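Listed below are the residues making up each chain.
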Amino acid sequence: MKIVIVGGGLAGLLATIRACEKGADVDLISFVPVKRSHSVCAQGGINGAVNTKGEGDSPWNHFDDTLLGGDYLANQPPVLGMCEAAPKIIYLMDRMGVMFTRTGEGLLDFRRFGGTLVHRTAFSGSTTGQQLLYGLDEQVRRWEVEGKVKKYEEWDFLSAVVDEDGTCRGCVAQDMKTMEIRAFPSDAVIMCTGGIGAIFGRTTNSVINTGSPLSSLYQQGVYYANPEMIQVHPTSIPGDDKCRLISEGVRGDGGRLWVPKDGKPWYFMEEWYPAYGNLVSRDVASRGIYKVCRELKMGLDGKDMVYLDVTHLDPEWIEKRQHGVLEIYRKFAGEEPTKVPMKVFPAMHYTMGGMWVDYDQMTNIPGLFAAGECEYQYHGANRLGANSLISCLYGGMVAGDKVLEYGKKLKKNTADVSGKIFEAEVARQKEKADKIYQLNGTENPYKLKDILNEYMTNNVTVIRYEKTMKETDEKIQELMARYKNIGVCDTGGWSNRTAVFIRHLWNMFELSRAITGGALLRKESRGAHYMPEYPDRDDENWLKTIKAKWTPDGPEFSLEDIDLSLIKPRVRRYDVRKDEVMKEEEKEEKKEAAATAEEK
Amino acid sequence: MSEILVKIKRQDGPKSKSYWEEFKVPLKTNMNVISILMEIQKNPVNAKGQQTVPVVWDCNCLEEVCGACTMVINGVPRQACAALVKDLKQPIVLRPLTKFPVVRDLMVDRNVMFENLKKIQGWIPIDGTYDLGPGPRIAPARRDEAYPIATCMTCGCCMEACPNVNSRTTYIGPAAIAQAKLFNTHPTGAMNKEERLDAVAGDGGIVDCGNAQNCERVCPKLIPLVSIIAEMNRETVFRGFTRWLKGKPQKAAFDEPIG
Ligand SMILES: Cc1cc2nc3c(=O)[nH]c(=O)nc-3n(C[C@H](O)[C@H](O)[C@H](O)COP(=O)(O)OP(=O)(O)OC[C@H]3O[C@@H](n4cnc5c(N)ncnc54)[C@H](O)[C@@H]3O)c2cc1C
C-alpha cells in the first residue's frame, strides 16, 4: 500500500514509522527538512502517568485532568485512549535513545506541569521536543535507507486529490526549488502539518506555521472543528520577530509569578489559586496576567509585563533542568535569569481546534487522515501543558495503524483510478499559481499579514468582545479584497518564496474568518474562549463542537454533540483541589437525591 | 543611529553569478538579523532606492533549535535568529554558507549532512514500536555526557568552519562523527558500535580531520567536538588494531549503501 504523509513533526514521523512497520510505502512531504520541524521548539516535556513518585497517579487521573483542563469540550473515548497509551509511548521514545533527564537510579525523571497536582511530565532538560523529534527522525532515516520512505523536503502541500466518489486518492504539492507542481497518487493521505501561529504574527510558533494545508483542505470540504479555541501561553519574552516561550516547566520546577505591590512581591496566582498556584491551566494563568497588567494596571513599569522568578532556586539545579530555556532568556533578553527575575507576557501558542476527525483519525473525506496539532481531537477548549507532544505521538500512531486497515478495506486501489483526476487537480493548482504570478498591484503581501496579525492578536485571543471581533471579521474581508491588488514583487521561476507566501496568506485569511466566526458564535466562556459579555460556561447550549464548513461566502457553522460517555462534567476550579470539588459535588448530588426522594 | 546598513551577498540560482546588494533598514529595539530580513520583505528597496526582490533565506523556529537560519554573519557562521543587531558591527555583512550549494541568496542545500547521518548509522536499532517496556537504565552522569551531542541541530556551522570540508574531499565532518559517538554511548546503540566505528574510520571519515579545532569554536550548542573527535579517533585506531590482529580485511565504508 502506498500512502502519503504530509508533515514530519512528531505526528508525521511516528505515523511514518508505524505505517512502514506494517508494510506500507510512504512518500513523506514536508515544507522544511523534517528535522527542522516546529516540534523542535517544545521545551518542557511530555505527559504520561507513569507514577514513579508515589503520588498514586494513573492514566485515569491524567484523563480526568485533561478533560477538566479542556473544559469538557473533547470527546472522551479518544482522550482516554491517549492517556492509557502515554506511559508506553514514553517508554518507546526512551528505547529509541531519547536522552531523557534521569533520576539517581537511572530511571526517567518527571516534573510538574500546569493543571495537575502530580509529577507526570517526562523531559529532556528543556529541549524535549527537539530530542523526541530527533529520535523519530533517526528511525525514519533507517526506513529511508531500507527504501520504504521517500522524502520530499521543501515541498509545499497544495491540495488533496479527491475522486468522483469523494474519496481521497493522494495530493498535489509544489517543489519550492524548481516550482514544479505535481501529483502524489496514494491509497490514503495523513496530514500532520501542525499549528497556525503565523495568523497571529509574533507568537511562540515557528514562522512556517501558517496553517496553509489545513486551510486548503477546509476549502476542499474538510470540517474545521472548534476553530475559536486558541491557546495563549502565559509566559513568553516578546521580541521584534517572535515571542520566545519560557516553558511552563519553569513554574513546574518552582518558578513563581509576581509583580511588586506596596514594595513587596505579590504572588498573585498563588493568592488567587491556592491549590494550583502558578500551575493553573494556561487560559487561567494568561487571564490572570492580563488582569494584573490591563485591569489592575500593575504590570512592571506600567507595561504589559510580569516577573517569572527562579532566583530563589539553586542555580546549579535549575540550570541543569532548564538550561535551554535559561539560555534563550540570556541570549534574547540579555539578563541573567538566575540573578534577576525574568520579564514575561502571554503570547499566542497553540491551536486546540483543527481538522475534524473521527476516532480513527479520519476526516470527513474518506482516505484523508489527520494527526497532531492540525486536528482537533484531544484538548477540547484548552490544552494542558505537555499534553501536545503526547497527543501528536498518539494521534500519529493511531493514524499510521488505521490507515492500513482502511487500505485493506478499499474496494478500488488508487493504482486502478483514472489518471485524469490527478491531471485535473494539477491543472487547477497550476492555474491558481499562475494567478499569483500575475498579481501586479501595489499592496505588499507581508504588510497585509502584519495587519491581519494585529487584529487577530488584539481581538481574538485572551479577552474577546463581540464588537471588536465583528470589526476583525470585517477587516479580514477588507484584506481579502486588498489581496487582489498585491504586487508579487518576485516573478522568478526558481525558489520563489514570495509566491509561496502569497498562497499561504490567502489561506490564512480563510482560517481567520473561521476562527473569528466561531468565536462570535460561541456565546459563553469555556477554556481559552473568554467573552466578558458571556462570562460563564453554558453546558446546556454550548457543550458542543463547532464545525466550520467553507463556502465562497464565508464559513457556515454547525454544532455536534460531545461524547460524554465516561465522565460527567464538573465545575472547573483551580483554587481548590479537584478531590475536594468532587466531594462537594457528591454531597450536593446526595442532597438533591434525598430531596427528590422525600418529594415522592 | 536610526538606520542599519546591511550588505547581502545574493545569487538568483545555483548556477547564477553572485552579486552584492546593500539595504538600509530602520532600527527598532530588540532586532535580530531575521527582523532585518523581514523588514526587507516588507519594503524590497535597496540602499540606492531601487525596487528589488525580497531576499530568500531559510528559517523556522527563531530560537536557535532548528538550525535552519544558519548563514555567515560578519564573517562568522551562526544562526541569524540569535544574532542581535545591537551586538553586531555595521555594516552587517550577510553571506550564504560556502560549504554547501547555494539554492538562492542566503539559502543553501545542506542535504549532505543528513546523508552523512545515514553513513554512520545514526539511529538506535530498536526491534519495533510495539510495547516492549522501558529502555535501558542510564546513569545520570552518562546521560549528561551524551545529551549535549544530542542537541546538534545539523546547522552546518562546524562544516563551514572546518578547513578540511571542501570540494576536494568527501569528509563527513565533525557533526556526523559526534553523532556516531552519541549512538555508541547509548546501551542499545553500543550493540553495533563496531559498525559505526568502521564507518567513521572509512573513506571521508575521521582520518580527514586535520585537527584545526575550528568546529568547536563555532558550535552554537557548545558541543565539545574536539575531545569527541579525539576519542573517536582513539577508538577507531584501537578497533583497527584488533581487527588487524584478527586478520579481518577492513570494509570500505562509504562507497556502498549501509542498510
Ligand atoms: C515554543 C513551544 C514550546 C512547546 N512546548 C511544548 C511542550 O513542552 N510540551 C508539549 O506537549 N507541547 C509543547 N508545544 C506544542 C508542540 O510543540 C506542538 O503542538 C507539536 O510539536 C506539533 O507537532 P506536529 O507533529 O503536529 O507538527 P509540527 O512539528 O509543527 O510539524 C509540522 C510539519 O508539517 C510540515 N508542513 C507545514 N506546512 C506545510 C505545507 N504547507 N506543506 C508541506 N508540509 C508542511 C512541516 O514541514 C512540518 O514537518 C510547544 C509549542 C511551542 C510553540
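Residues numbered from 1 in each chain as written. Chains lettered and ligands numbered in written order. Predicted model: local features only at pLDDT ≥ 70, side-chain atom pairs only at ≥ 80, totals over all residues. Heavy atoms only, no water.

**Student:** Would you mind showing me how to read the overall build of chain A here?
**Tutor:** Tallying secondary structure elements over chain A gives 16 helices and 21 strands in all. Since a compact globule built from 600 residues should have a radius of gyration of about 25 Å, the 24 Å found for chain A is in line with a globular shape. Taking the principal axes of its C-alpha atoms as reference, chain A extends roughly 70 × 65 × 50 Å. The buried share of chain A, taken over its 600 residues, is 66%. The contacts in chain A between residues at least 6 apart in sequence include a share of 72% that link residues at least 24 apart. Summed over all atoms, the accessible surface of chain A reaches about 20700 Å², with 50% contributed by carbon and sulfur. (Helix = DSSP H or I, 4+ residues; strand = E, 2+ residues; numbered from the N terminus. Rg over C-alpha atoms; globule rule 2.2 N^0.38 Å. Buried < 20%, exposed > 50% of the residue type's maximum accessible area, 1.4 Å probe, protein only. Contact = heavy atoms within 4.5 Å. Areas by Shrake-Rupley, 256 points an atom, 1.4 Å probe, with all protein chains shown as cover.)

**Student:** Whenever I open this one, the interface of chain B and chain A confuses me. Can you help?
**Tutor:** It is common to report an interface's size as the accessible area lost on association of the parts. With 75 residues of chain B at the interface, the matching set in chain A holds 71 residues. Interface area, chain B with chain A, both sides summed: about 6200 Å², of which 54% is carbon and sulfur. Taken as a group, Asn60(B), Glu63(B) and Thr129(B) account for 12% of the area that chain B buries against chain A, more than any other trio of residues on that side. At the junction of chain B and chain A, the tally comes to eight salt bridges. One salt bridge connects Glu144(A) with Lys118(B), and the closest N-O pair in it is separated by 3.5 Å. Taken together, the links from chain B to chain A amount to 39 residue pairs in polar contact (both at pLDDT 80 or more). Counting residues per element, the ones that place at least two in the side of chain B that touches chain A are α1 (33-42), β6 (102-104), α2 (111-119), α3 (140-150) and α5 (173-185) of chain B. No other element matches the six residues that α3(B) contributes to the side of chain B that touches chain A. Its residues assigned to classes, the side of chain B that touches chain A comprises 40 nonpolar, 20 polar and 15 charged. (Buried area = accessible area lost by both parts, 1.4 Å probe. Salt bridge = Lys/Arg side-chain N within 4 Å of Asp/Glu carboxyl O. Polar contact = N/O pair within 3.5 Å; in protein donor to acceptor, adjacent residues only side chain to side chain. Nonpolar A, V, L, I, M, F, W, Y, C, P; charged D, E, K, R; others polar.)

**Student:** Hey, could you run me through the confidence of the model for chain B in this one?
**Tutor:** Caution applies to low-pLDDT parts of the model: their predicted coordinates are not meant to be read in detail. Here chain B averages 94 in pLDDT, and 95% of its residues register 70 or above. Interface scoring of the predicted complex returns ipTM 0.94; its pTM is 0.96. (pLDDT = per-residue confidence, 0-100.)

**Student:** Even after reading the chapter, I still don't get the sheet that holds strand β16 (residues 306-309) of chain A, so can you show me in this structure?
**Tutor:** Backbone hydrogen bonds are what pair the strands of a sheet, in a parallel or an antiparallel way. Residue and element names in this part refer to chain A. Spatially, six strands are ordered β13-β12-β17-β16-β14-β15 in an open sheet, and the strand pairing comes out antiparallel. Strand pairing shows two members of the sheet lacking a second neighbour, β13 (243-245) and β15 (264-266), which therefore form its edges. Here the average twist between neighbouring strands, direction ignored, is 60°. One ladder, built from five bridges, connects strand β12 (residues 230-238) with strand β17 (residues 342-351); its direction is antiparallel. Note on β17: the bridge partner recorded for Ser236 is Phe345. Against the sheet, helix α8 (residues 282-295) touches β12, β14 (256-261), β15, β16 and β17, its axis set at about 55° to β12. Helix α9 (residues 315-333) rests against β12, β13 and β17 of the sheet, and its axis sits at about 60° to β12. (Pairing = 2+ DSSP bridges. Axes fitted to C-alpha atoms, helices over the stretch in contact; angles between N-to-C directions.)

**Student:** What is the right way to read helix α6 (residues 193-201) of chain B from this model?
**Tutor:** The periodicity of an α-helix, 3.6 residues per turn, causes residues three or four places apart in sequence to face the same way. Along α6(B), the positions that sit buried rather than exposed are Arg196(B), Leu197(B), Asp198(B), Ala199(B) and Val200(B). Taken together, the buried residues of α6(B) touch α2, α5 and α8 (225-246) of chain B.

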